[in-house]
Amino acid sequence: MNILSQNTAFGGMQGVFSHQSEATGTEMTFAVFVPPQAITEKRPVLWYLSGLTCTHVNVMEKGEYRRMAAELGLIIVCPDTSPRGNDVPDELTNWKMGKGAGMYLNATEKPWAEHYQMYSYITEELPALIAEQFRADMSRQGIFGHSMGGHGAMTIALKNPDRFKSCSAFAPIVNPLTADWTQDAFEKYLGPDRAKWREYDACALVEDGARFPEFLIDQGKADSFLETGLAPWKFEEAVKDTDIGLTLRMHERYDHSYYFISTFMEDHLKWHAERLG
């Protein structure tokens, strides 16, 4: 693991690191905020997955999480959204596909399958590195994210309920099978058989029997992607007759930006801290 930067913030440390990933076959960059409590004891880990076109930088610079994370004693891990590098396939004119749009899945189709293994990277490789390099209590993990990252957080939680104790999302893509900005990428990454897409779709996973105790979702009513890309009411419908708890909060005037995310970031951190202990 290479240290790219380290800065003191609220008594803790905000770091940016890189390492050579076996899952993606590329160098991957990620950010970690370590609270001051981790100087002497292991602390819970909260994963933040970013949205389309983003890297670790967006939430690190705009998310405003450090003060409350330091107060609550949470380690915040912010991975990248896709593999990077000159040899990594991409579609330069399509922001919904390729670099910055890994969709938190394991691609099976050429040429994407060689590097786009983000599900394995997030659920296996990076957690092992975090456990090795930081004073992290891996028995207390939560996960949250924004947009594509909200999709990633919810599907990963539903598929790994024994690992994660909490899950929340800002404006998540809850139903990629029907969302207008994911179907093209899913077909290229996973092939035309839509049955294979279901393991990376929160609504479909619930319909197919996956379970997680509860979710918190915040959504802005002024979000320009609300109707055709997000539609959180579809997830509300999916969990209606299950024992899955859902708190869905719809907010007047808020859009899809980090102004929205930063406004409700502290709510999410406190919500996770209550469940992580």
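The name given to the chain in an unreviewed UniProt entry is S-formylglutathione hydrolase, with Agrobacterium albertimagni AOL15 as the source organism. Turning to the chain, the UniProt annotation filed under Sequence similarities (unreviewed entry) states: "Belongs to the esterase D family." In UniProt, the chain has this text filed under Catalytic activity (unreviewed entry): "S-formylglutathione + H2O = formate + glutathione + H(+)".

Student: Would you take a moment to explain the overall build of the chain for this structure?
Tutor: Helix and strand counts for the chain come out as 9 helices and 9 strands. Scaling as 2.2 N^0.38, a compact globule of 277 residues should have a C-alpha radius of gyration of about 19 Å, and the chain matches this with 17 Å. Viewed in the frame of its principal axes, the chain has a C-alpha envelope of about 50 × 45 × 35 Å. Counting all 277 residues of the chain, 60% fall into the buried class. Sequence-distant contacts, at least 24 apart, represent 72% of the contacts inside the chain between residues at least 6 apart. Carbon and sulfur atoms make up 46% of the accessible area of the chain, which amounts to about 11,300 Å² in all. Taking the average location of the 26 positive side-chain charges in the chain and that of its 38 negative ones, the two points are 3 Å from each other.

Student: Help me understand unusual backbone geometry, please; the structure alone is not making it clear to me.
Tutor: Phi is mostly negative for residues that are not glycine, and the peptide bonds are mostly trans. Cis geometry marks the peptide bond from Lys 110 to Pro 111; its omega dihedral reads 0 degrees. Turning to its location among the elements, Pro 111 is positioned in the loop between β5 (75–79) and α3 (118–133). Notably, Phe 10 is not glycine yet its phi reads approximately 50 degrees, a positive angle. Tracing the backbone through its elements, the reader meets Phe 10 in the loop between β1 (2–9) and β2 (12–20). On the basis of relative accessible area, Phe 10 is assigned to the exposed category, the value being 51%. Here the phi dihedral of Glu 64 falls at roughly 55 degrees; this positive angle occurs in a residue that is not glycine. Here Glu 64 is to be found in the loop between α1 (56–62) and α2 (66–72). Overall, Glu 64 belongs to the exposed group, its relative accessible area being 56%.

Student: Mind showing me how you'd approach the sheet that holds strand β9 (residues 245–251) here?
Tutor: Whenever strands of a sheet pair, they do so through backbone hydrogen bonds, lying parallel or antiparallel. Sheet architecture is open: 9 strands sit in the order β1-β2-β3-β5-β4-β6-β7-β8-β9, paired in mixed fashion. Edge positions in the sheet fall to β1 and β9, since each has one partner strand and no second. Taken over all neighbouring pairs, the strand axes of this sheet differ in orientation by 20 degrees on average, direction set aside. Judged from the 7 bridges that link them, strand β8 (residues 214–220) and β9 form a sheet pairing that is parallel. Residue Glu 214 lies in a different strand from β9, and its bridge partner there is Gly 245.

Student: Help me understand the pairing of strand β4 (residues 43–49), please; the structure alone is not making it clear to me.
Tutor: Within a regular beta strand, the side chains point alternately toward one face of the sheet and then the other, so they alternate between its two faces. Taking burial as the measure, the 7 residues of β4 include 7 buried ones, the bulk of the element. Here 7 bridges tie β4 to strand β6 (residues 136–146), and the two strands are oriented parallel to one another. Paired with Tyr 48 across the two strands is Phe 144, which belongs to β6.

Student: Sorry if this is basic, but what is going on with the UniProt feature "active site" (unreviewed entry) in the chain here?
Tutor: Sequence positions flagged by UniProt for "active site" (unreviewed entry) are, in local numbering, Ser 147, Asp 223 and His 256. Annotated residues spanning 110 residues; largest pairwise C-alpha distance 10.9 Å, indicating a single compact cluster. Within the secondary structure layout, Ser 147 lies in the loop between β6 and α4 (148–159). With relative accessibility at 3%, the residue Ser 147 sits in the buried group. The contacts of Ser 147, once residues within four sequence positions are left out, are Gly 51, Phe 170, Ala 171, Pro 172, Ile 173, Trp 181, Leu 230 and His 256. Tracing the sequence through the fold places Asp 223 in the loop between β8 and α7 (226–230). Setting aside chain neighbours within four positions, we find Asp 223 in contact with Ala 171, Leu 230, Tyr 254, Asp 255 and His 256.

Student: What's the story with the pattern of salt bridges in this structure? I'm lost.
Tutor: Once the charged atoms of two side chains with opposite charge are near each other, the side chains can pair. One pass over the structure, following the stated rule, counts 17 salt bridges. With a shortest N-O distance of 3.1 Å, Glu 207 and Arg 198 are connected by a salt bridge. Close ionic contact of Asp 208 with Arg 198 constitutes a salt bridge, the shortest N to O distance being 2.9 Å. In this pair, Asp 208 is assigned in the loop between α6 (202–207) and β8 and Arg 198 in the loop between α5 (183–190) and α6, connecting sequence segments 10 residues apart. The class of Arg 198 is partly exposed, set by a relative accessible area of 26%. Several salt bridges converge on common partners, so that one network encompasses Arg 67, Glu 71 and Glu 266.

Student: In this structure, what is going on with α3? I would like to understand it.
Tutor: Structural remark: α-helix, 3.6 residues per turn; residues separated by three or four positions point the same way. Along α3, the sharpest kink reaches roughly 35 degrees, centred on Leu 126 and followed within four residues by the proline Pro 127. Buried within α3 we find Met 118, Tyr 119, Ser 120, Tyr 121, Ile 122, Thr 123, Glu 125, Leu 126, Pro 127, Leu 129 and Ile 130. Contact partners of the buried residues in α3: β2, β3 (27–34), β4, β5, β6 and α4.

The rules behind these values
- Residues numbered from 1 in each chain as written.
- Predicted model: local features only at pLDDT ≥ 70, side-chain atom pairs only at ≥ 80, totals over all residues.
- Heavy atoms only, no water.
- UniProt positions renumbered as here; feature names shortened; annotations may be inferred.
- Helix = DSSP H or I, 4+ residues; strand = E, 2+ residues; numbered from the N terminus.
- Rg over C-alpha atoms; globule rule 2.2 N^0.38 Å.
- Buried < 20%, exposed > 50% of the residue type's maximum accessible area, 1.4 Å probe, protein only.
- Contact = heavy atoms within 4.5 Å.
- Areas by Shrake-Rupley, 256 points an atom, 1.4 Å probe, with all protein chains shown as cover.
- Lys, Arg positive; Asp, Glu negative; His and termini not counted.
- Charge placed at Lys NZ, Arg CZ, Asp CG, Glu CD.
- Pairing = 2+ DSSP bridges.
- Axes fitted to C-alpha atoms, helices over the stretch in contact; angles between N-to-C directions.
- Salt bridge = Lys/Arg side-chain N within 4 Å of Asp/Glu carboxyl O.
- Bend = angle between axes of the 7 residues up to and from the residue.

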